[in-house]
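Here's the letter readout for the chains.
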Amino acid sequence: MTPVAGVGLAAVGMLVAVEGREARTRVAAVAASRGRGAVLRAAVLPGLGLVALAGAAAGVLVVLPRGWAQLVGAVVLLAAGLQWLVWAARRESGVVAGRDEGVVFEGVRLRMGAGGGGVGPTSSTHPTSLAHTPVRTSLRTPARAPARTETAGALLRAGAEVLVVTTAVAAAAVPRAWLPASALLFVVAVIAPGMIRHRPAGGLPERPVKAAVAVLLTAAGVTAVTAGAVGVLPALLLPMAGLFVLALARRKGPPAPVPDGDAPATRLRALREFVLGDDLAVWCAVAVLVVAVRLPIAAFHRAFHRGPAAELLLTVLLLAVLSGTARRARTSTTP
């Protein structure tokens, strides 16, 4: 097993745990309010959609030429890792609060009820796929929320996130067409107990686990994009160091408010945010790294095939993304 494969599979395992747990909280809340039958009925269509997506992912892995598959998978891995890293930086610097599964559970349960509550605290942000959009449980929904919307949203968000990342890992380093479907089955296995127990799962510390997912995805993406010019160890240590520095300089006092994630959004906007994320600096960093290392027309192209030059470029890009993200978040949320 190559270093990229090992790091990528570790990231997939942790991602399954994180996304499955967060989806389980919402499914459990719907089941507690509307019953297990309502959840099962609401899960049919999104479940079939995820099965179709898993089949499509396997088809892409089979049809796409190996060289192109490796490059595309590496780019997707790096973009996903940097998006997770952006949100990890915001959590570590104290700009946004961590997710509280109990708060999310009660918020969804009240939205499922006829009264639709009017009080309640704000939940944390929820990173989704390549787009880490904030989610706010304001509990101000005036009408009874449909079970199918909440259930489908939880399943599709978790399933699509895992499918995208797992397919990228398979394309970049683990050429196994069955891998996306296997990861999806594990997600379902994490979510399913929520239909029976009717309470959120505990025991998973959010901040360190999501930071680990961000670091692992970034390291796998960087090593794959640079074709080994940046080794796995530097690719792991550099983002870890950035998050550590942000944690040391953690903002004092309560986290600043985040935009209301319950606000309605068009399907086109939701798709754009899922694919592109909420910080285009991530895609600029990916483009710079790919051009510098992969394209022969880039200046000093040969230099970036050697470790020190590529590692220096990665250091500069990570510094720009993390510092810029933290600075913009602090500025935009200052009262």
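Keep in mind the model is a prediction, meaning the values are calculated, not measured.

**Digging into the environment of Thr-2**
Okay, step 1: Residue placement: Thr-2 occurs in the segment before helix H1 (3-34).
Okay, step 2: A relative accessible area of 42% means that Thr-2 is categorised as partly exposed.
Okay, step 3: Residues Thr-2 and Ala-173, spaced 171 residues apart in sequence, show a C-alpha to C-alpha distance of 7.4 Å.

**Thoughts on the packing of helix H2 (residues 36-63) against helix H6 (residues 179-191)**
Okay, step 1: Packing of H2 against H6 leaves a shortest axis separation of 8 Å and a crossing angle of 155 degrees. For the element pair H2 / H6, the angle class is roughly antiparallel. The residues of H6 that touch H2, namely those facing Leu-50, Val-51, Ala-54, Ala-57 and Leu-61, are Pro-180, Ala-181 and Leu-184.
Okay, step 2: Residues that form the contact of H2 with H6 fall into these classes: eight nonpolar, no polar and no charged.

**With respect to the packing of helix H5 (residues 147-172) against H6**
Okay, step 1: Following both chains from N to C, one finds H5 and H6 inclined at 150 degrees, their axes separated by 9 Å at the closest point. The orientation of H5 relative to H6 falls into the category roughly antiparallel. Relative to H6, the crossing made by H5 is right-handed. From H5, Leu-155, Ala-158, Gly-159, Val-162, Leu-163, Thr-166, Thr-167 and Ala-170 reach across to H6, where they touch Leu-179, Pro-180, Ala-183, Leu-184, Val-187 and Ile-191.
Okay, step 2: Residue composition of the contact of H5 with H6, by class: 11 nonpolar, three polar and no charged.

**Description of the confidence of the model for the protein chain**
Okay, step 1: Averaged over the protein chain, the pLDDT score is 81; the fraction of residues at 70 or greater is 75%.
Okay, step 2: Summarising per-element confidence for the protein chain, the mean pLDDT is lowest in helix H10 (residues 267-276) (61) and highest in H6 (95).
Okay, step 3: Between residues 114-143, whose pLDDT stays under 50, and residues either more than four places distant or in other chains, the model counts 106 contacts.

**Remarks on H1**
Each α-helix winds once per 3.6 residues, and so residues spaced three or four apart point in a common direction.
Okay, step 1: Taking 1.5 Å per residue as the helical rise, H1 with its 32 residues ought to reach 46 Å, and the 46 Å between its terminal C-alpha atoms agrees with that figure.
Okay, step 2: Just downstream of H1 lies Gly-35, where phi reads positive at about 100 degrees.

**Regarding the packing of aromatic side chains**
Okay, step 1: Summed over the entire model, instances satisfying the criterion amount to zero aromatic pairs.
Okay, step 2: Cation over ring: Arg-90 sits above Trp-87, and NZ or CZ is 4.5 Å from the ring centre.

**Let's talk about unusual backbone geometry**
Okay, step 1: Positioned with a positive phi, His-198 is a non-glycine residue whose angle comes to about 60 degrees.
Okay, step 2: Following the sequence through the fold, His-198 ends up in the loop between helix H7 (194-197) and helix H8 (206-225).
Okay, step 3: Residue His-198 is classed as partly exposed on the basis of its relative accessible area of 29%.
Okay, step 4: Its identity as a non-glycine residue notwithstanding, Ala-227 has a phi of 55 degrees, on the positive side.
Okay, step 5: Within the secondary structure, Ala-227 sits in the loop between H8 and helix H9 (232-248).

**Concerning the nonpolar core**
If you look at soluble globular proteins, the nonpolar side chains tend to sit buried side by side.
Okay, step 1: Counting 85 residues, the largest nonpolar core has Leu-77, Leu-82, Val-165, Leu-217 and Leu-289 as its most contacted members.
Okay, step 2: Counting residues per element, this core draws most heavily on H1, at 14 residues.
Okay, step 3: Residues in contact with Leu-82, not counting those within four places in the same chain, are Thr-218, Val-282, Ala-285, Val-286 and Leu-318.

**As for the pattern of salt bridges**
Okay, step 1: Per the stated rule, a full pass over the model turns up nine salt bridges.
Okay, step 2: One salt bridge connects Glu-150 with Arg-26, and the closest N-O pair in it is separated by 2.8 Å. Taken together, the residues span a long stretch of sequence, with Glu-150 in helix H5 and Arg-26 in helix H1 at a distance of 124 residues. Here the two residues Glu-150 and Arg-26 agree in accessibility, since each one is buried.
Okay, step 3: Each member of the salt-bridge network shares a partner with another, and the members are Arg-21, Glu-22, Arg-99, Glu-101, Glu-206 and Lys-210.

Parameters and conventions
Residues numbered from 1 in each chain as written. Predicted model: local features only at pLDDT ≥ 70, side-chain atom pairs only at ≥ 80, totals over all residues. Heavy atoms only, no water. Helix = DSSP H or I, 4+ residues; strand = E, 2+ residues; numbered from the N terminus. Buried < 20%, exposed > 50% of the residue type's maximum accessible area, 1.4 Å probe, protein only. Axes fitted to C-alpha atoms, helices over the stretch in contact; angles between N-to-C directions. Parallel < 35°, antiparallel > 145°, perpendicular 65-115°, else oblique. Contact = heavy atoms within 4.5 Å. Nonpolar A, V, L, I, M, F, W, Y, C, P; charged D, E, K, R; others polar. Left-handed = near helix turned anticlockwise from the far one by under 90°. pLDDT = per-residue confidence, 0-100. Expected span 1.5 Å × (residues − 1). Phe/Tyr/Trp six-rings, centres within 6.5 Å; stacked < 30°, edge-to-face > 60°. Lys NZ or Arg CZ within 6 Å of the ring centre and 35° of its normal. Core = buried A, V, L, I, M, F, W, Y, C linked by side-chain atoms within 4.5 Å. Salt bridge = Lys/Arg side-chain N within 4 Å of Asp/Glu carboxyl O.

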